[in-house]
Amino acid sequence: MEEGARSCLLQSRSSLEQDIRASYLMDHMISDGVLTGDEEDRIRSKPTRKEQAAALLELLLRKDNQAYISFYNALVRESYGDLASLLHNSLPLVSPEAEKSFSDGGTRYVQAVLSEGGVPQRPVVFVSRPALVNRVREKLYRLQKEPGWVTVFGMAGSGKSVLAAEAVRDHALITECFPGGVHWLSIGQLDRSDLLVRIQSLCFRLEQQSQEKDPSSSLHRPPGSLEEAKERLRFLMLRRYPRSLLILDDIWDSSVLKAFDIQCRVLLTTRDRSLADCVSGSKSEVAVESGLEEDQALEILALYVNGKPQRLPEQARSIVRECKGSPLVVSLIGALLREFPDRWAYYLHTLQQKKFKRIRKSSSYDYDALDQAMAASIQVLSEEHRELYIDLTVLEKDVKVPAKVLSVLWDLEPEEVEDVLQDFVNKSLLFRDCHHRPYLYYLHDLQLDFLAEMNRSGLESLHTKVVRQYQQRYSQGPPTSGDEECLYWFRFLTYHMAKANLTQELCSLMFSLDWVRTKAQIMGPAHLINDYVEYGAILDKEVRGHFQEFLSLNGHQLEQRPFPDVVQLALSQPDSSEVYRQALLQAQERATRGGLYLDWVNKSSLKSLSRLVVQPHQGSIYSACFSHDGTNIASCGSSKTLRVFKSTSGEKLLEIQAHDDEVLCCAFSPDDHLLATCSSDRKVKVWNVERGTLMRMFEDEHEEQVNHCQFTNIRRRLLLATCSNDKFMNTKVSLCNTMFGHLEPVNHCCFSPDDAYLSTSSSDGTLKLWEVSSANEWKSIDVADMFPEQREQTEVMVKCSTWSADGRTIICAARNAVFVFDVETAAMLLEIRTSRLSTVQYCHACPSSNLVAIALSHYAVELWDIETSKKMADCSGHLSWVHGVQFSPDGSLLLSCSDDQTVRVWETKKVHTSSAVCLKRDSDVLFNNGDITVVAADNRNRLQVWRWRTGECVVLEGHKEQVRCFSLLTTTPSSETHLLSWSFDGTIKVWDMSSGEPLQDLACHQGAVLACDVSPDGQLFATTSADKTAKVWSSASWECVRLLNGHQDCVRSCRFSWDGRRLATGDDNGEIRLWNVKDGTLLKICSRDNKDAMDSLHGGWVTDLHFSPDNTVLLSTGGYIKWWNVEKGEALQTFYPTGANLKRIHVSPDFSTFVTIDNIGILYILKKVE
């Protein structure tokens, strides 16, 4: 190892031993071949982390330069950036011969070899990238024994050519691997004739050099075809230069690369990493990051002004950001600053204002100003192509467009458009993404900035042209193909209309239910909501609110497949909504053509409290959290994924397959740049939010599942706390400081607002407070003592804790209660007891008020004021257990996540004033001369009698316990004297209602009897059972006349048609079967080909069935309500309730009105739209 590298390691030894985890670094070093398995085992055998680090450094000091470089790269990969910086300046080149090098990095011998081979010299301003250079050299060393390919790939301008030239500027590499020389050939975008000329030139150069060494060899005539040229080059490379390296710079096309497939050693630079797939031989690759990183760009600026990056003025970083990572622009600005070192603010302002003309001439550049440098490329276009290029000004940054979009804009055939685009690409005026078919095209940010500045006065007319061309091409309706062109128009048509100032047309488009339906089906609802948010200032506020509310509350339905009927969904909107008005008109028009639509006539009595409903995962959601600026939400759960989406619209920003098992918690860092996740796989991971990349992984710190993770609240000192199911070492801060004290799993941990303390909630029944600075226990509160009557029977598990905004009180949840404690005295200040049938899953204190949100297992979220000890609201809407709640940083919003796969966002002030009374699903309905009377039990042991026509509601109070059974009595005497009853014991009983005597006792099924129905003529009755069968019985003989097999789950409901010819049966998998009563044959199966995203075909058990009077339509209830065409077995319509698990539905005699109650107590009166 070089002395400078060894000295640097010794100087940095104490810092490295203190912080590094050797096990993380050794994996990379083994992959690089600088560490053996035996050496790794010896290091791992050391008892402590610090001793392992010391052993690794001791071993490293006995190794060579390659080991130092591998160790440095491992530090970078494992995010030890501060430690890597200590070693950076002493990074050695691969060969110690470099000590004899010239200023450009090579020896005299290297200079001669590279000069003969045509390898370019270093640029005037050169920034060292040792990690990348050594990575390329490492790959080149693999070509020492056999031919092969090394591909250096990255975007245009990322420095691939400079990197390739720098990699071969090494004495040992050339002498050991390529003694035959290094031969450089610049390729670019060539046709066959140009390629032939390039190969002819290379062959001539090789033959000329060979003749100089061996005068007896003769020059051959130039090869006349590509095939001949390829064979000539093969002969030269294999016979005369058998151990040489051929560098192919800027390869664009695989057909060009095939001309060099001659079994030699090749280093190629390209933008397309897949090009080498078309050639034979061993292959390896090195990726070059796109553009310059901020530190590299700052280093270039510092070199130009003869300073150090740390001493550059504050404007330097802003200038780098405005340069968009372009080495060209950074170099140009640097050259200008070298001549005018006091113009930092001036050049920053000109870049921000896109005033490229003011970036004046530099002696090191060929053009008078930056705009001239960019304009020079445009001037070489023909006049026709120049006009077309100007049209690209309307494109958005970072957006790639297919040729078909430009075909609409330019009104040209697709083939003509592709020819034009190829011309732009050839001249580096446009970039092409070759990874997509068809190709996608895009401009660099600086090119777009230049075009926008050049055409500033004509921008509005250019956007108007886009809109008019679209309207002309799609006059009959928008495209629905779902390809890249279709997606572009749905995403950006509104953008072009807004930029064109076509406000009226924008309103007509965005306030159209047809546009909403089509765009939601193709792109999902989040993009639509974003449009209403983004263009809210130029849209009618009231109507915009109608559409935004509709999409926010129904977005999770619009992401289901099969796609729901948007008109039917919109009929559930308030009568005053523009969305409802349009839906009703469309429903009425379709009803005249036989369509079936239902109007929810009593919906005005329900005030929806959710602001947004999102379904980010397929599976239970265990954790969700706001970012600290409130703009984004992260969620995770049983799907093993982490997802980040906008809090205003639900638009997905990031999705990561985060862990190998369920992800139990996620948390943002204080600056929102990082996200931590923990999982049942025992790992903790830290992610870069912007890039979606893994920054750190901790897999050895916990031995059991990690339940919770949280960053500190303040940016000053970033710490991460985690807790797990480990018996002893179950709470850690920054994964190194362990809090000892809990003897059972720790379920939750939470920093105080000032980060001075950490609270932990454990299954041992205690809540503990720890001093973060010392990791010592400060206080312990025995929460289990709050349940003296239950403590001996079962353990008391403390689920979670949350601090008040001022840090003076702490709130924790256990069983069905929430307790508020004074932090200083540990005295209990308040106890909140919820329903004894429910458990508190989570709680969170509002940062701006006295509210605390409580998540409950009975699907609800409650808000309590801890000052007044009053419940302020019930937030109903979730369909399963609620696992988490969190207020936004300003307290204006509240999110909740649930097993029902949704995240709901609530407006705190709106739910603040509401407290709903929920009805039970047991109900009865009387239809009488157009009036509807509904009787239902509520959750306060009362009966509510509600008359639809008058709106009158009478509450009947008196029951002390829950109302279980009731029925309306009519004055019409029944002609029947027999009563049929069925039971879970599998029997049917027939009773004489006059005497009360049993007439028949039938053992019908092996399982519980779940439903029974009598045919209209009274001659037959049907039974269904948990034994997965249905049976038809004779009322005369009491014998089974039909056994109906086929259901794969419990058969829960049955109904005869009014003519007695059909029997419908429904099971717990949501499947409905239609049978011929006469012979027991199966006629149809409903739902089989239309499985929804829910686990069941019907969103739940099929609980009730009804035929229309003409026997053409079948109604079914389950997770939602469906109407079926009896002849075809196809769904005619679906109504999605707010809740789920409908128990029964009441139908008016004319089959026009339907009444039911969902599992969260909402009453639905649906009338058929006429």
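Each value, and the rule that gives it
Residues numbered from 1 in each chain as written. Predicted model: local features only at pLDDT ≥ 70, side-chain atom pairs only at ≥ 80, totals over all residues. Heavy atoms only, no water. UniProt positions renumbered as here; feature names shortened; annotations may be inferred. Helix = DSSP H or I, 4+ residues; strand = E, 2+ residues; numbered from the N terminus. Buried < 20%, exposed > 50% of the residue type's maximum accessible area, 1.4 Å probe, protein only. Contact = heavy atoms within 4.5 Å. Areas by Shrake-Rupley, 256 points an atom, 1.4 Å probe, with all protein chains shown as cover. Patch = residues over 30% accessible without salt bridge, like charges linked within 9 Å, V, L, I, M, F, W, Y side chains within 5 Å. Salt bridge = Lys/Arg side-chain N within 4 Å of Asp/Glu carboxyl O. Lys, Arg positive; Asp, Glu negative; His and termini not counted. Charge placed at Lys NZ, Arg CZ, Asp CG, Glu CD. Pairing = 2+ DSSP bridges. Polar contact = N/O pair within 3.5 Å; in protein donor to acceptor, adjacent residues only side chain to side chain. Axes fitted to C-alpha atoms, helices over the stretch in contact; angles between N-to-C directions. 1 Å grid on protein atoms, 1.4 Å probe; cavity = no way out; pocket = protein on both sides within 12 Å on 5 of 7 lines; lining within 4 Å. Points joined across faces, edges and corners; volume = space filled by probe spheres on them. Nonpolar A, V, L, I, M, F, W, Y, C, P; charged D, E, K, R; others polar. Core = buried A, V, L, I, M, F, W, Y, C linked by side-chain atoms within 4.5 Å. Phe/Tyr/Trp six-rings, centres within 6.5 Å; stacked < 30°, edge-to-face > 60°. Lys NZ or Arg CZ within 6 Å of the ring centre and 35° of its normal.

As recorded in an unreviewed UniProt entry, the chain goes by Apoptotic protease-activating factor 1 and comes from Oncorhynchus kisutch. Under the UniProt heading Subcellular location (unreviewed entry), the entry covering the chain gives this text: "Cytoplasm".

Chemist: So what exactly am I meant to see when it comes to the overall build of the chain here?
Modeler: The number of helices and strands found in the chain is 32 helices and 59 strands. Burial statistics for the chain: of 1170 residues in total, 54% are counted as buried. Across the chain, every contact between residues at least 6 apart in sequence was considered, and the portion connecting residues at least 24 apart equals 53%. A total of about 51,900 Å² of accessible surface is found on the chain, and carbon and sulfur atoms cover 47% of it.

Chemist: Would you take a moment to explain a negative patch on the surface for this structure?
Modeler: Together, Glu384, Asp411, Glu413, Glu415, Glu416, Glu418 and Asp419 make up a negatively charged patch on the protein surface. For the negative patch, the element with the highest residue contribution is helix α22 (residues 414–426), accounting for four residues. In this fold, aspartate 411 is placed in the loop between α21 (403–410) and α22.

Chemist: Is there a simple way to think about unusual backbone geometry in this case?
Modeler: Peptide bonds are, in most cases, trans, and in most cases residues other than glycine have a negative phi. Even without a glycine there, the phi angle at lysine 640 is positive, about 70°. If you trace the backbone, lysine 640 turns up in the loop between β12 (632–637) and β13 (641–646).

Chemist: Would you explain the pairing of strand β36 (residues 893–898) in this entry?
Modeler: Residues in a regular strand point their side chains to alternate faces of the sheet. Of all six residues making up β36, six are buried, and the element is well covered by its neighbours. Side chains Leu893, Leu895 and Cys897 of β36 all project onto a buried face; the interleaved residues Leu894, Ser896 and Ser898 project onto the opposite face, where all are buried too. Sheet analysis places strand β35 (residues 882–887) next to β36, joined by five bridges and oriented antiparallel. Paired with phenylalanine 887 across the two strands is leucine 894, which belongs to β36. Sheet topology note: the β36/strand β37 (residues 903–907) ladder contains five bridges and is antiparallel. Residue pairing in the sheet places cysteine 897 in a bridge with valine 903 of β37. What sits between β36 and β37 in their antiparallel hairpin is a turn of four residues, with glutamine 901 showing a positive phi close to 75°.

Chemist: Teacher, can you tell me more about the side chain of arginine 265 here?
Modeler: Locating arginine 265 in the fold gives a position in strand β4 (residues 265–270). The buried charged residue arginine 265 lacks any salt bridge, with glutamate 146 as its nearest oppositely charged partner at 8.1 Å. At 3.1 Å, the side chain of arginine 265 and the backbone oxygen of proline 242 are in polar contact. Excluding residues within four positions of it along the chain, arginine 265 makes contact with Leu143, Gln144, Lys145, Glu146, Pro147, Gly148, Phe178, Pro242, Arg243, Ser244, Leu245 and Leu246.

Chemist: Any chance you could explain the sheet that holds strand β14 (residues 652–657) here in plain terms?
Modeler: Hydrogen bonds between backbone atoms are what pair the strands of a sheet, whose relative direction is either parallel or antiparallel. Overall, antiparallel pairing links the four strands, which are arranged β11-β12-β13-β14 in an open sheet. Edge positions in the sheet fall to β11 (621–626) and β14, since each of these pairs with one other strand and no more. The sheet shows a mean angle of 15° between the axes of neighbouring strands, taken without regard to direction. Bridge count for β11 against β12 is five bridges, and the pairing is antiparallel. Across the sheet, residue serine 623 finds its bridge partner in β12, namely cysteine 636.

Chemist: I'm lost on the environment of serine 623 in this one. Help?
Modeler: Take serine 623: it is sitting in strand β11. Judged by relative accessible area, serine 623 falls into the buried class, the value being 9%. Between the C-alpha atoms of serine 623 and cysteine 665, which are 42 residues apart in sequence, the distance is 5.1 Å. With near-sequence residues (within four places) excluded, serine 623 lies in contact with Ala634, Ser635, Cys636, Leu664, Cys665, Cys666 and Cys897. Within the local environment of serine 623, its side chain forms a polar contact with the backbone nitrogen of cysteine 666, the two atoms lying 3.4 Å apart.

Chemist: Sorry, what's going on with empty space enclosed by the protein here?
Modeler: Empty space among the atoms becomes visible once a probe the size of a water molecule is rolled across them. By the definition in use, this model includes three cavities of 30 Å³ or more. As a volume, the largest cavity reaches approximately 60 Å³. Forming the walls of the largest cavity are Pro525, Ala526, Ile529, Gly555, His556, Glu559, Leu612, Val613, Val614, Gln615, Ser649 and Gly650. Of all the secondary-structure elements, those providing two or more residues to the lining of the largest cavity are α28 (525–534), α29 (541–558) and β10 (610–614). Looking at the lining of the largest cavity residue by residue, the classes come out as six nonpolar, five polar and one charged.

Chemist: I keep staring at the nonpolar core and nothing clicks. Help me out?
Modeler: Nonpolar side chains in soluble globular proteins generally cluster together in the buried interior. Judged by nonpolar contacts, the single largest core of 89 residues is most densely connected at Tyr389, Leu392, Trp410, Leu421, Phe424, Tyr532 and Phe550. For this core, the element with the most residues is helix α25 (residues 484–499), which contributes eight residues. The next biggest cluster of nonpolar side chains, apart from the first, holds 45 residues, and it includes Phe71, Ala667, Ala676 and Phe698.

Chemist: I keep staring at the sheet that holds strand β3 (residues 245–251) and nothing clicks. Help me out?
Modeler: If you walk across this open sheet you meet the five strands as β2-β3-β4-β1-β5, and the pairing is parallel. The outermost strands of the open sheet, each flanked by one partner alone, are β2 (182–188) and β5 (282–287). Averaged over all neighbouring strand pairs, the angle between strand axes comes to 15°, with direction disregarded. The sheet contact formed by strand β1 (residues 148–153) and β5 spans six bridges and is parallel. Of the residues in β5, the one forming a bridge with tryptophan 149 is lysine 283. Of the strands in this sheet, β1, β3, β4 and β5 are in contact with helix α9 (residues 130–141), which crosses β5 at around 180°.

Chemist: Looking at this model, I keep getting lost on the packing of aromatic side chains. Mind explaining?
Modeler: What describes a pair of aromatic rings is the distance from one ring centre to the other and the angle between the planes of the rings. Within the structure shown, the criterion is met by 22 aromatic pairs. Their ring planes at 20° and their centres at 6.0 Å tell us that tyrosine 532 and phenylalanine 547 sit as a pair that is stacked. With tyrosine 532 in helix α28 and phenylalanine 547 in helix α29, this pair connects stretches of sequence that are 15 residues apart. The pair formed by tyrosine 532 and phenylalanine 547 is uniform in burial state, with each residue classed as buried. With 6.2 Å between their ring centres and 50° between their planes, phenylalanine 1021 and tryptophan 1038 make a pair best called tilted. Of this pair, phenylalanine 1021 sits in strand β46 (residues 1020–1025) while tryptophan 1038 sits in the loop between β47 (1030–1034) and β48 (1040–1044), placing them 17 residues apart in sequence. By relative accessible area, phenylalanine 1021 is classed as buried at 2%. Judged by its relative accessible area of 22%, tryptophan 1038 is partly exposed. A connected cluster of aromatic rings, assembled from ring pairs, spans Tyr470, Tyr474, Tyr488, Trp489, Phe492 and Tyr495. A cation over an aromatic ring shows up here: lysine 400 above the ring of tyrosine 442, its NZ or CZ 5.1 Å from the ring centre. Sitting over the face of the ring of phenylalanine 787, arginine 815 holds its NZ or CZ atom 5.5 Å from the ring centroid.

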